[in-house]
Amino acid sequence: MKTGIYHNERIFLPERRLHLERPRIKRLLENAVKSPYVAVIAGSGYGKTQAVYSFLREYGAPTAWIQLSERDNSPMRFWESFSRTMELYSERVAARMRALGFPETDGQFAEVAAIPEDELSPDEKHVLVFDDFHLIEDGPVLQFMKRAAQAPFPNITMILISRANPDINLVGLLSKGLLVHINEDELRFTEDETARYFQLAGIPLSSQGVSDIYGDTAGWAFALNLVGLSLKKSAARQRDARVAMKLNVFSMIENEVFLAISEELRRFLIQLSLIDRLSTDLVAELAGDEALVGEMGKISAFIRYDIYLNAYHIHHLFLDYLRQKQGALAEDEKRGVYLAAARWCERNDYKADAVAYYHKAGEYGAIVRITRLFPMQIPFEQARFLLGVYDGAPADVLERIASYHYQRARLLIGIGRYGDAAAELESLVGRHSAPPGAKASDSGASDSEASDSEASDSKASDSDFSRQILCGAYLELSFIGYLTLPDTDRCDFDALMEKAGECYRPDSGCEDFAYTDVSLDAWASRVGTARKGAMEEYIEALARAIPHASKILDGFMSGLDDLARGELQLYKGNLKDAEAFAGQALREASARRQHEVQNRSLFCLMRVAAAQGNFARIQELLEALEAQLEDDEYALRFTSCDIARGWYYALLGQPGMVPGWLKSEFSHESIGNFIAGFGNFVKTKFYYADKRYYELLSFIESGRGADSALFGKLEAKVLEAACHHRLKDAGAALAALKEAYELALSNELVMPFVELGKDMRTLTAAAMRDGGCGIPRQWLEMINRKAATYAKRLTGVVLEYKKANRIGGGARLSARETDVLNDLYRGLSRSEIAANRDLSINTVKMVLNTIYAKLDADNIADVIRTALEQKLIP
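Residues numbered from 1 in each chain as written. Predicted model: local features only at pLDDT ≥ 70, side-chain atom pairs only at ≥ 80, totals over all residues. Heavy atoms only, no water.

Caption draft 1: Representation of the sheet that holds strand S1 (residues 37-41) in the model. As summarised here, the arrangement of the 5 strands in space is S2-S3-S4-S1-S5, forming an open sheet in which the pairing is parallel. Edge positions in the sheet fall to strand S2 (63-67) and strand S5 (179-182), since each of these pairs with one other strand and no more. On average, each strand axis in the sheet is inclined to that of its neighbour by 15°, with strand direction left out of account. Examined bridge by bridge, S1 and strand S4 (residues 156-162) share 5 bridges and lie parallel to one another. Each bridged residue has a counterpart across the sheet, and for alanine 39 the counterpart in S4 is leucine 160. (Pairing = 2+ DSSP bridges. Helix = DSSP H or I, 4+ residues; strand = E, 2+ residues; numbered from the N terminus. Axes fitted to C-alpha atoms, helices over the stretch in contact; angles between N-to-C directions.)

Structure representation (structure tokens):
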């Protein structure tokens, strides 16, 4: 767990010690965190955050603290903060959550909620705090929290700190015994605590004086603190404590806090009130003077250091006071603060905040630069957020920043407005068309070469400017053609990519396309039609497009054509050819850092090895997939590896070994999401292996989330037939089988049928007994024979798997697993094991999860006990 550094000198001792020494509050919170939910609801200044914060520092559980703001109503911003905070639990948890993206549906939320269950120890309590929850209004983020209320995160207690009751059905949670509610009355200081406070602060008061202050403040912590500051200044005020207390709160902040500090610190605090993320690094950078940061310690009752976030947090009332004074700052001064904050956020990968601050600073060149960092397929919520910023840009940005034009089109593509994006891009082409071979001028600078403040807004020469726009426009038009191909059956994306390549000049800014990894669904093929020859046409178009795409985007799409060839041969049942093409794709993709192509090539090779009955080869390929987990450049590595492993375990008839999030509901996204589509493909295999036939049929027959690619349609239709066959509905089974046959016939596709093994053997036998149901007997016999062979080979793989893992007997561990187990037995922590074995912490966690599964253990004690019983530890 990352905690940051705790700076005691920045803590206002009396108030902090009082919270630590309030046994009533401590007992209350100790009992509360035993529940899945805790709601701490009270007005401003009641010490909500302080009480929870002080308790958790002593409690010792791994804690993730999320400090919410109004901007967290943006799903993109919220998910960046949420997933980043999950790193305090586990980097693997955070990476998997980032890969899945913000969950907009119940099914997607179930996938996210399963991740902590998969990754976090069930023996260790974890705490997740959402501070200032009242700032979250109705919308997707509130819906996320409502789902969390209905389905608790396993192993995690969620604490909501809010000034008002959140709209998440607290009454329902209370009635089920899932929630502890802490209110203002419980947080108020008692009269005895009030007396103790002033005693610790060194302020002598009579019993009547304490009673008067307690009666007038009603135990309000913030008021007590201000009264204490006022009374410490003047003995005369101690004689009239009630007068001191009754001063206006903002007036008291002005007189007792603001005017008591230096002019330099006053101005600095007003600057800090402009931004939300007060990281210690950013605060130090803005201050430029350690003495100024040190002086902040004098008012640490109003500015606390957060060990969980390694950041400062300004009390709400003090922050409201500071914001009223922002008019004292010059516009250039504000812009400087926004730029510093934006650059810090960009360096630390808080893209939403970086974009928001650059927007306030008017740095649209920087916003475009950040947009270029997003993957080829920008997630829906992120695209919608960025599009709002782009649409708010001044009109002159269009004339100054070339890539603004086609980057905006990318955002339209991200929210599914393909027609609008194409229309804008075609309009750009019409306005900027010029002979593609025209020589670029050496004068001027494109937005890619520009600095943040000036050069990014400098327009290059007309030829360079137009060439960059044309290159980007043709590139995005090509992607639209590629993405919409399943519905259009038009393979003209290659011609558009060729035009982009003709416009490309490294010295004209055209090199400024940052995303270089192609986004893939479960398949390399985007063909949606069953028309004969369509697959080959697509592969030929890919082969023509790749040299240009690779030149512009540094290896983009490399190996994708050979992967498509390998997949086609796999689906045709030509295993040797499939293996050769997929192997070539893997080599090409590895050389050019095409992670998704590498992953799908390995997945294709796994399917080939399974069809060959080659258990050893499957293990090699699984290890190669897991090796991708070490590559930080591959953002989807955890998700894609999970999906491949999920397919393997479903194939083996071991649904319990499938990663938890793949056991959840199907994704029904309205806008295409390739990784969600890949996940859905493997979920269908899990549901079938787990005999959840009705749920699987409901998903297939609803058409929601259905794959538009031919391979996806065929896989779904074959499973539909198999489900009906399992449910003894012969008529429906044979009807679906005939539809699947008709989808497969033109391109001679067989593997989806064959991979069902004995189930397809019995189904085709039933079809032959029924007279073929319109399917040629020769075809049924061929599928029956191939399915029988596949079933026999798969049986061999399953037996070897069980033997290797001692299923039905003792477990069998690999050499690495044995090493990790021995270290665990010796008492080493995960980080110590990683250092001892020269492994990453993520690899150690993955190995431990495998050991848990093989030994059927729920905790470390079970692991050690079972390992000793089976003599796995020498």
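Next comes the rest of the write-up.
Caption draft 2: View of the environment of histidine 668. Examined against the element boundaries, histidine 668 turns out to sit in the loop between helix H34 (637-651) and helix H35 (674-689). Sequence separation between histidine 668 and asparagine 680 is 12 residues; the distance between their C-alpha atoms is 9.2 Å.

Caption draft 3: Spatial organisation of helix H2 (residues 23-32). Of the residues making up H2, those classed as buried are Ile25, Leu29 and Ala32. Across the axial projection of H2, the buried residues extend over an arc of 55°, all falling on one side. Contact partners of the buried residues in H2: S1, helix H3 (48-59), S5 and helix H9 (184-187). (Buried < 20%, exposed > 50% of the residue type's maximum accessible area, 1.4 Å probe, protein only. Arc of directions from axis to C-beta. Contact = heavy atoms within 4.5 Å.)

Caption draft 4: Structural context of the packing of helix H37 (residues 710-726) against helix H40 (residues 757-769). Axis separation between H37 and H40 bottoms out at 10 Å; the angle between their running directions is 80°. It follows that H37 is roughly perpendicular to H40 by the angle criterion. In contact with Val718, Ala721, Ala722, His725 and Arg726 of H37, H40 contributes Asp759, Met760, Thr762, Leu763 and Ala766. Taken together, the residues of the contact of H37 with H40 sort by class into 6 nonpolar, 2 polar and 2 charged. (Parallel < 35°, antiparallel > 145°, perpendicular 65-115°, else oblique. Nonpolar A, V, L, I, M, F, W, Y, C, P; charged D, E, K, R; others polar.)

Caption draft 5: Up close: unusual backbone geometry. The backbone of aspartate 132 sits at a positive phi, close to 65°, despite the residue not being glycine. Turning to its location among the elements, aspartate 132 is positioned in the loop between strand S3 (126-131) and helix H7 (140-150).

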